[in-house]
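# Coordinate analysis (summary)
Chain residues, written in single-letter form:
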Protein chains: 2
Amino acid sequence: MSDFEVHHQLLNDCTDVGDAVLCRVLLMNDSRFPWLILVPRINGLRDLHELPVEHRSSLFNEIESASNAVKELIDADKINVAALGNQVPQLHVHVIGRLETDEAWPGPVWGVGKLVPYEHRVQQNMIEFVRATMRLLS
Amino acid sequence: MSDFEVHHQLLNDCTDVGDAVLCRVLLMNDSRFPWLILVPRINGLRDLHELPVEHRSSLFNEIESASNAVKELIDADKINVAALGNQVPQLHVHVIGRLETDEAWPGPVWGVGKLVPYEHRVQQNMIEFVRATMRLLS
């Protein structure tokens, strides 16, 4: 996996948080929602079912760990998990904490309103929290 | 699992296709997209990570099998997989075949335009195809 690279469009929108066993973990730079993106560090995958069987339990574990992190951050009412990838041709899984009072509720978050970037200190605190709760290597 | 019931909102929008090992498989009644919904036949689940570990490989297998079915139906360019559940409080996983020419591309399908119900014969053909390719019990 040494030549793995995150797609540039994901890097434009997100900050690198660290690595779990399988995935690179990114934080979407939108303070309206606690929104992590898991990118399996395997090149050439696009659809979720292309993930080789031997990596699937790791992905599920990391979805669980990311879900717990975003849930704890805002005491989320619901976690949205999705592998869409219509715009970025590299397999990535969104894990988003939702509140019944958030801007997009009860719809999905994609394409809703305008992104609100994090203030630097808040973003750093988020990153530290996610690294610790997901036990990431940074 | 004998007292399992699909949430009435899903039954309003979908037709029952049959059962895989873990999930009830539903066909969304919207002919614009080949759109299956997998509902694990376990009561009381809402978020994806609440699915017990011992059922996760079955869910992944069934996502793969549903993905292959919708891909084959329209020679899909992309498969969208998502567990959102903001509106229906029962864990369910959307598996949607997408074309770069479809009405919602490149955005997600939820909330886009107006649903176009299947003609009865087309819907029956879809159901038969999905039952056969996913090897469902009907």
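What counts, and where the lines are drawn
- Residues numbered from 1 in each chain as written.
- Chains lettered and ligands numbered in written order.
- Predicted model: local features only at pLDDT ≥ 70, side-chain atom pairs only at ≥ 80, totals over all residues.
- Heavy atoms only, no water.
- Least-squares fit on C-alpha atoms with pLDDT ≥ 70 in both.
- Contact = heavy atoms within 4.5 Å.
- Buried area = accessible area lost by both parts, 1.4 Å probe.
- Salt bridge = Lys/Arg side-chain N within 4 Å of Asp/Glu carboxyl O.
- Disulfide = S-S within 2.5 Å.
- Buried < 20%, exposed > 50% of the residue type's maximum accessible area, 1.4 Å probe, protein only.
- Pairing = 2+ DSSP bridges.
- Helix = DSSP H or I, 4+ residues; strand = E, 2+ residues; numbered from the N terminus.
- Polar contact = N/O pair within 3.5 Å; in protein donor to acceptor, adjacent residues only side chain to side chain.
- Expected span 1.5 Å × (residues − 1).
- Arc of directions from axis to C-beta.

### Describing the relation of the copies chain A and chain B
- Superposition record for chain A on chain B: RMSD 0.0 Å, screw rotation 180 degrees, translation along axis 0.0 Å. Taken together, the rotation and translation relating the two chain copies correspond to the operation of a two-fold axis. The rotation axis passes nearest to the C-alpha of A:A82 in chain A, at a distance of 2.0 Å.
- Of the residues that chain A buries at the interface, 100% are likewise interface residues in chain B, meaning the two copies contact each other through the same surface.

### Regarding the interface of chain A and chain B
- Contact with chain A, which involves 30 residues of that partner, is made by 30 residues of chain B.
- Around 2800 Å² of area is buried between chain A and chain B when both sides are counted, 56% of it from carbon and sulfur atoms.
- Between the two partners, chain A and chain B, sit 4 salt bridges.
- Close ionic contact of B:R56 with A:E64 constitutes a salt bridge, the shortest N to O distance being 3.0 Å.

### Quick notes on the state of the cysteines
Residues and elements named next belong to chain B.
- Summed over the entire model, instances satisfying the criterion amount to 0 disulfides over all chains.
- The cysteine C14 is free of any disulfide, with C23 supplying the nearest cysteine sulfur at 13 Å.
- Residue class for C14 comes out buried when judged on its relative accessible area of 9%.

### Notes on the pairing of strand β1 (residues 14-19) of chain A
All names here are of chain A.
- As defined by bridge partners, β1 adjoins strand β2 (residues 23-28) across 5 bridges and the pair is classed as antiparallel. The partner of C14 across the bridge, within β2, is M28.
- In this structure, the hairpin formed by β1 and β2 is closed by a connection of 3 residues.

### Focus on the side chain of A:N80
- In this fold, A:N80 is placed in strand β4 (residues 78-83).
- Only 3.2 Å separates the side chain of A:N80 from the backbone oxygen of B:L84, close enough to count as a polar contact.
- With near-sequence residues (within four places) excluded, A:N80 lies in contact with A:H94, A:V95, A:I96, A:R98, B:A83, B:L84 and B:N86.

### Quick look at helix α3 (residues 120-133) of chain A
Residues and elements named next belong to chain A.
- Over its 14 residues, α3 extends 20 Å from the first C-alpha to the last, a length consistent with the 20 Å expected when each residue adds 1.5 Å.
- Where α3 is concerned, the buried positions are Q123, M126, I127 and V130. Looking down the long axis of α3, one finds its buried residues gathered within 100 degrees of arc, a one-sided arrangement. The exposed residues of α3 that point more than 90 degrees off its buried face are R121 and A132.
- On its buried side, α3 packs onto β1, β2, β3 (35-40) and α2 (56-74).
- Phi for R135, located one or two positions after α3, is positive at around 50 degrees.

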